[in-house]
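In case you want the letters, here they are:
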Amino acid sequence: MDDANSNKEKLVVEVVAAHNLMPKDGEGSCSPFVEVEFENQRLRTQVKYKDLNPVWSEKLVFHVKDVADLPYRTIEINVFNEKRSSNSRNFLGKVRVSGTSIAKEGEEVAQLYTLDKRSLFSHIRGEISLKFYLSTKEAVKEVTSGDAAVSGSSSSSSKKNKKLQQQGPAMARQQQQQMAPDNNNKPSQQTQQHAKPGGPKPGDIKPVVITTGHAPAIPGPGGGVPAGVGGLRNVFSGGSNEFSLKETSPHLGGGLLHRDKTSSTYDLVEQMQYLYVRILKCRDVSASGGGEVMAEVKLGNYRGITKRVSANNPEWGQVFAFSKDCIQSSIAEIFVKEKDKDEFLGRVWFDLNEVPRRVPPDSQLASQWHRMEDKKGDKSKAGEVMVSIWFGTQADEAFAEAWHSKAANVHFDGLSSIKSKVYLSPKLWYFRVSIIEAQDIVPGEKGASMVKFPELSVKAQVGNQVFRTRIAQASPSRSLSNPYWNEDLMFVVAEPFEDYLLVSVEDRVAPGRDEVVGRVLLPVTAIERRTDDKAVTSRWFNLDNHLGNAGEPKIVSRFGSRIHLRVSLEGGYHVLDEATMYSSDVRPTAKQLWKPHIGVLEIGILGATGLIPIKLKEGKGGSTDSYCVAKYGHKWVRTRTVVDSLSPKWNEQYTWEVFDPCTVITVGVFDNSRVDKNTTNAGGYRDSRIGKVRIRLSTLESDRVYTHSYPLLMLHTSGVKKMGELHLAVRFSCANMGNMLSIYSLPLLPKMHYVHPLSVNQLDSLRYQAMNVVASRLSRAEPPLGREVVEYMLDHDSHMWSMRRSKANFFRLMSVLSSFVAMGRFVESMRNWNKPVYSTIFMMIFLVLVSFPELIIPLLLLYMAFVGIWRYRSRPRQPPHMDTRLSHAETVYPDELDEEFDSFPTSRSAEIVRMRYDRLRSVAGRIQTVVGDMASQGERFQALLSWRDPRATFLFVNFCLFAAVGFYLVPTKAVVALWGLYVLRPPKFRSKLPSRALSFFRRLPTKADSFL
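Residues numbered from 1 in each chain as written. Predicted model: local features only at pLDDT ≥ 70, side-chain atom pairs only at ≥ 80, totals over all residues. Heavy atoms only, no water.

### Structural notes on the overall build of the protein chain
This is how it is decided: By definition, any uninterrupted DSSP run of H or I lasting at least four residues is a helix, any uninterrupted run of E lasting at least two residues is a strand, and each is numbered from the N terminus. Between buried and exposed lies partly exposed: a residue is buried under 20% and exposed over 50% of the maximum accessible area for its type, with that area taken using a 1.4 Å probe on protein chains only. Any two residues whose heavy atoms approach within 4.5 Å are treated as being in contact. Per-residue accessibility takes into account occlusion by the displayed protein chains alone, with areas from the Shrake-Rupley method and a 1.4 Å probe.
Across its full length, the protein chain holds 17 helices and 41 strands. Here the protein chain holds 1012 residues, and the buried ones make up 45% of them. For the protein chain, the proportion of contacts with a sequence separation of at least 24, taken over those separated by at least 6, is 71%. As displayed, the protein chain has an accessible area near 53,900 Å², and 56% of this comes from carbon and sulfur atoms.

### Observations regarding helix α11 (residues 836-851)
Heads up, the condition is: Expected helix span is given by 1.5 Å per residue-to-residue step, counting one fewer step than there are residues. Taking the helix axis as origin, the arc is that swept by the directions to the C-beta atoms.
The end-to-end C-alpha distance of α11, which contains 16 residues, comes to 23 Å, matching closely the 22 Å that a straight helix rising 1.5 Å per residue would cover. Restricting attention to buried positions, one finds in α11 the residues Ser 839, Met 843 and Val 850. Down the axis, α11 shows its buried residues gathered within 40° of arc, on one side only. Of the exposed residues in α11, the ones pointing more than 90 degrees away from its buried face are Val 837 and Met 844.

### A short note on the packing of aromatic side chains
Operational definition: Only rings of Phe, Tyr and Trp enter the pairing, Trp through its six-membered ring, and a pair is recorded when the two centres are within 6.5 Å. The plane angle decides the type: under 30 degrees is stacked, over 60 is edge-to-face, the rest tilted. For a Lys NZ or an Arg CZ to count as sitting over a ring, it must be within 6 Å of the ring centre and within 35 degrees of the ring normal.
Applying the stated criterion to the full structure yields 21 aromatic pairs. When the centroid spacing of 5.2 Å and the interplanar angle of 70° are considered together, the rings of Phe 467 and Phe 491 count as edge-to-face. Of this pair, Phe 467 sits in strand β25 (residues 465-468) while Phe 491 sits in strand β26 (residues 484-494), and the two are 24 residues apart along the sequence. Members of the aromatic cluster, each reached through a chain of ring pairs, are Tyr 274, Tyr 276, Trp 390 and Phe 399. Cation over ring: Lys 692 sits above Tyr 792, and NZ or CZ is 4.4 Å from the ring centre. Over the ring of Tyr 872 we find Arg 875; its NZ or CZ atom is 4.0 Å from the centre of that ring.

### So, the environment of Lys 341
With respect to the helices, strands and loops of the structure, Lys 341 is situated in the loop between β17 (331-338) and β18 (344-351). A relative accessible area of 39% places Lys 341 in the partly exposed class. It is 9.6 Å that separates the C-alpha atoms of Lys 341 and Val 293, two residues lying 48 residues apart in sequence.

### What to know about a nonpolar patch on the surface
Note the threshold: Patch membership needs two things, relative accessible area over 30% and no salt bridge, and members are linked within 9 Å if like-charged or within 5 Å if nonpolar (Val, Leu, Ile, Met, Phe, Trp, Tyr). Every case where a carboxyl oxygen of Asp or Glu lies within 4 Å of a side-chain nitrogen of Lys or Arg is listed as a salt bridge.
Taken together, the side chains of Phe 810, Phe 811, Leu 813, Met 814, Val 816, Leu 817, Phe 820, Val 821 and Met 823 present a nonpolar region at the surface, about 880 Å² in accessible area. Within the element layout of this structure, Val 821 appears in helix α10 (residues 803-832). Note on Val 821: relative accessible area 41%, which makes it partly exposed.

### Some words on unusual backbone geometry
At the junction of Glu 495 and Pro 496, the peptide bond is cis and its omega measures out at -10° in the coordinates. Locating Pro 496 in the fold gives a position in the loop between β26 and β27 (500-510). The omega torsion of the bond from Glu 782 to Pro 783 falls at 0°, within 30 degrees of zero and hence cis. Backbone geometry at Asp 440 places phi at a positive 55°, although glycine is not the residue there. Summarising the element assignment, Asp 440 is placed in the loop between β23 (428-439) and β24 (456-462).

### A short note on the sheet that holds β24
Threshold: Should DSSP find at least two bridges between two strands, the strands are regarded as paired. Only the stretch in contact is used when a helix axis is fitted, and all axes are lines through C-alpha atoms; the angle between N-to-C directions ranges over 0 to 180 degrees.
If you walk across this open sheet you meet the four strands as β25-β24-β27-β28, and the pairing is antiparallel. What marks the edges here is a single partner per strand, and that holds for β25 and β28 (513-523). With strand direction ignored, the average angle separating the axes of adjacent strands in the sheet is 20°. Pairing of β24 with β27 involves seven bridges; the strand directions are antiparallel. Opposite Leu 456, over in β27, you have Asp 507 as the bridge partner.

### Side note on the nonpolar core
Put simply, the rule is: Residues belong to a common nonpolar core when they are buried Ala, Val, Leu, Ile, Met, Phe, Trp, Tyr or Cys residues joined through side-chain atoms within 4.5 Å.
Trp 636, Trp 656, Leu 726 and Leu 728 are the most contacted members of the largest nonpolar core, which totals 64 residues. For this core, the element with the most residues is helix α8 (residues 760-778), which contributes seven residues. Setting aside residues no more than four positions away along its own chain, Trp 656 makes contact with Gly 599, Val 600, Leu 601, Ile 603, Ala 630, Tyr 632, Lys 635, Val 637 and Ile 665. Core analysis: the next-biggest nonpolar cluster, separate from the first, contains 34 residues, Val 47, Trp 56, Phe 91 and Phe 132 among them.

### Some points on the confidence of the model for the protein chain
This is how the line gets drawn: Along the chain, pLDDT gives the predictor's confidence residue by residue, from 0 to 100.
On average, residues of the protein chain carry a pLDDT of 81, and 83% of them reach 70 or more. Under a pLDDT of 50 for its full length, residues 550-558 has, in the predicted model, five contacts with residues more than four places off or in other chains.

### Quick notes on the sheet that holds strand β5 (residues 74-83)
Read across the sheet, four strands follow the order β3-β2-β5-β6 without closing on themselves; strand pairing throughout is antiparallel. Every interior strand has two partners, whereas the edge strands, β3 (41-44) and β6 (88-98), have only one. In this sheet, neighbouring strand axes are inclined to one another by 20° on average, regardless of whether the strands run parallel or antiparallel. Of the strand pairs in this sheet, β5 and β6 are connected by 10 bridges, and their pairing is antiparallel. Residue pairing across strands places Ile 75 opposite Val 97, the latter belonging to β6.

### A short note on the pairing of strand β12 (residues 274-283)
The element β12 is extensively covered by neighbouring structure, given that seven of its 10 residues are classed as buried. Across nine bridges, the pairing between β12 and strand β20 (residues 384-392) is antiparallel. Bridge assignment links Arg 283 to a residue of β20, and that residue is Glu 384.

### Some details on the packing of α10 against α11
Threshold: Any angle that falls under 35 degrees is termed roughly parallel, while one over 145 is termed roughly antiparallel, one within 65 to 115 roughly perpendicular, and all others oblique. Amino acids are sorted into nonpolar (Ala, Val, Leu, Ile, Met, Phe, Trp, Tyr, Cys and Pro), charged (Asp, Glu, Lys and Arg) and polar (every other residue, Gly among them).
One can describe the packing of α10 onto α11 by two numbers: an axis separation of 8 Å at closest approach and a directional angle of 110°. In terms of orientation, α10 lies roughly perpendicular with respect to α11. For the pair α10 and α11, contact is made by Phe 826, Ser 829 and Met 830 and by Tyr 838, Ser 839 and Phe 842, respectively. Among the residues making up the contact of α10 with α11, the classes are represented as four nonpolar, two polar and no charged.

### Some remarks on the side chain of His 404
Definition in use: Two N or O atoms count as a polar contact when they lie within 3.5 Å, although within protein this holds only if one can serve as hydrogen donor and the other as acceptor, and sequence-adjacent residues are included solely when both atoms are side-chain atoms.
Along the chain, His 404 turns up in strand β21 (residues 403-404). Judged by relative accessible area, which is 16%, His 404 ranks as buried. A polar contact is formed between the side chain of His 404 and the backbone oxygen of Phe 399, at a distance of 3.2 Å. Sequence-distant contacts of His 404, defined by excluding residues within four places in its chain, comprise Tyr 274, Ala 321 and Phe 399.

### Focus on the pattern of salt bridges
Scanning the model with the defined rule gives 56 salt bridges in all. Of the charged contacts in the structure, one is a salt bridge between Lys 421 and Glu 401, with a shortest N-O distance of 3.9 Å. Of this pair, Lys 421 sits in strand β22 (residues 421-424) while Glu 401 sits in the loop between β20 and β21; the two residues are 20 residues apart in sequence, bridging distant segments of the chain. Note on Lys 421: relative accessible area 25%, which makes it partly exposed. Relative accessible area serves as the criterion here: at 52%, Glu 401 is assigned to the exposed category. Here Arg 916 ties to Asp 902 by a salt bridge, and the two come within 3.8 Å at their closest N and O atoms. Taken together, the residues span a long stretch of sequence, with Arg 916 in helix α14 (residues 910-943) and Asp 902 in the loop between α13 (894-900) and α14 at a distance of 14 residues. What makes Asp 902 buried here is its relative accessible area of 15%.

### Regarding the packing of α11 against helix α16 (residues 972-983)
Note the cut-off: Whether a crossing is left-handed or right-handed is set by the direction in which the near helix is turned from the far one by less than a right angle, anticlockwise for left-handed and clockwise for right-handed.
At a closest axis distance of 9 Å, the pairing of α11 and α16 adopts a crossing angle of 165°. With respect to α16, the axis of α11 lies roughly antiparallel. Once α11 is placed against α16, the crossing between them reads as right-handed. Facing α11, whose interface residues are Met 843, Phe 846, Leu 847, Val 850 and Ser 851, α16 presents Lys 973, Val 976, Ala 977, Gly 980 and Leu 981.

### Some thoughts on the pairing of strand β14 (residues 302-305)
On a regular strand, each side chain points to the face opposite its neighbour's, so the side chains alternate between the two faces of the sheet. Here β14 shows a clear split, with Tyr 302 and Gly 304 buried on one side and none of Arg 303 and Ile 305 buried on the other. Of the pairings in the sheet, the one linking strand β13 (residues 292-299) to β14 comprises four bridges and is antiparallel in character. Residue pairing in the sheet places Glu 296 in a bridge with Ile 305 of β14. Counting the residues that bridge the hairpin from β13 to β14 gives two residues, and of these Gly 300 lies at a positive phi of roughly 65°.

Here it is, written out as structure tokens:
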């Protein structure tokens, strides 16, 4: 039995080191140890006292019941801080690793894991380096299932050992040099020992396992993400700082000391180092039977596979990109294999220390033929492969189309959806169709329709947009067969024009049933375009009365029905496809009306932190495959998708031309649903929203770089929740400040919006149509930009009713009026003489202004100028962001949120709808009372001269006559001064009763007496 147990494979977890741990002992340090649990076996390392960067290099050996079940098992690693005073411990972080990460002995590679939180409120940071492999040589020293299980080495150390342990941070930094982005740093000696060319056998290559980034959350017993791990955070669980904007200091453009030629183009993002491997083709490869061959690039635990090509003409032309932060080996190996065979036909390897570094705009590195070796090490029969390998950044031309190592687990159909792309929304036009009149319309001959009075209307259709005119009214000057409408119908069409205008005249023969009596089809490409308010010539179009039914006889051959139309494509308008308050472009459609751009907007999308797990993946727990979409003007940009990361880094920079500073750029974060193969097969092509950020350009200073982390806030039925933070670098550059300042005096919208304005209902309808057209066109791109993404970026539901928004807008209005209320309270305090000195000074100033009225306006302007200059010191230094307090998202009631997220029409039960209706009636009743009181005051003014109350009107008319004589004889200054002194008299000279004038006004009659 002992021999059987000794030969059985055991799991070895080698705890290498950790760095940048969270201080927990109150003295800026910690005493960490690691506890590993596997299949009810728990082992721990020794304690490293007072060390934030400990190095253990300890092997913990576990029994394995069944090696075949390892891929379905998980290993839990917990890091604790030992508190010697209270004989307890603090949590420093944890990692959960799937059994698929376990390698064979001799192939193990140290892997760096980010420590994860145990609960929402855990304060965790740092990384830990681990190795996992199976071995028959190691013996299990001590295995217990209790909480106090320890490994063979003791957890206590002497004072002499403490001095030796203080050397740990330097050793840990030395071992982590291979993770640094500097090419001059050499990999550690321990990694090189396992990375020799003759080490691993080619036939034993393991499939790639992604281990970088956050350790994924493990589903709870119910199959969902545990509440403490990656759960949605409610507003009441955090403080106000959780939703605040934070300034960051990223290492943009490689820093001042490391700037190179790419800094001018990529100076708003952090440089990301990549190892690029370009495989073009091979020759002289002896494949059995002339089948298909493929190439494989192996770098540590990562491998990339090319497409399969014929062995007669093996050309691939593919590029592989490996992030330097994830490189765990000192060599890169390239294998050429046959289809569905593990053994390779040839192999070539490169020492990463000898790989050159390329800096654009240098030309691409020339590919070279490299002779391969077979599995026996013979280079005479394995053939040659054409390869180029180099280190570069995301500025490299090969970056966009390269296969990335972090996307290794993405299925083939989802690869196209993870690349960064730039989309251009179609140019939208307003299409005006004026239905004037028709002649010689013959109603249908079915049943009693000839006897019935014809009810003729016109239906116009462009694509899926349908509008109807009203039914033509009977007129004594026109016959029934010559109806007259004179109505304008507006559509939205996009270039290139592929639609047709279908105009049909219909007769209502029964309720809900219309019969077509004639129609005409016009291509949109033939429609006249106009850019100003000049009238377009109307035309008569013949109607088709036969409607394509060849079997029916012609109706009346001597009659030729026709319709009078005026159609035009309006190029002088700006087609609003987004909310007016968040508009990113206000230029007219016609390009000849555009003015030169006034500036350039540059934005660097750096990354995100603390994202919430959006979905569950088999064997990985909660994860997020996030990407960003930025929209400004006609240009939409989409970053690449970072797979399986709660702290993704994109570091992509984009540029837009700015034509108006009073515009808004919107940046949204989404979860890619096309990466998961199970979701794709189920047809769930809906990318989940994570949050968005709006930045108004007019709030940015020119030529200043803003680097901030913006909270990603989402409103759910349970309240507002922070989904993470988005890190951006924004710069708005202006070439000519005079041109920019002149923009502020120009109308916001093009001229046609004021010459021939559109109604509010028309604008709402046209905006909805424009959003549908844009969503339809962008969904046809590759990769498609989903409709849910377009709707979220364009705020399609901003017009829907919400009690929360109504409250927020009411308090916004009260905030605006608060300054006037404050002025009224100040005057009232002067009238009350609470501070006699101030009241005396106020009265003297009043008399001076009455004596010299020409000083009033200049002093008022000077006061506003001085206030503006004084407030310059306390001006906002940060761009605006989503404000939960202003939005009333923190104090909203659950039922109000449920009403806000309800569909239209409602899908709630009758009891809930009745309760909400009663509540709305109560609110509307208060508004009705306020409106009625305001109307009553206005009606009292009208009653002064209406003789509705003859005695009151008689008194008012006589007062006006005597007042006219008095104002003529007494100077106006004296009258105003006397009135001011009377109003500002001390309280002892005033009565608490209302004034006679106010009492007289309140006695006047109103029309409320005539209400039912």
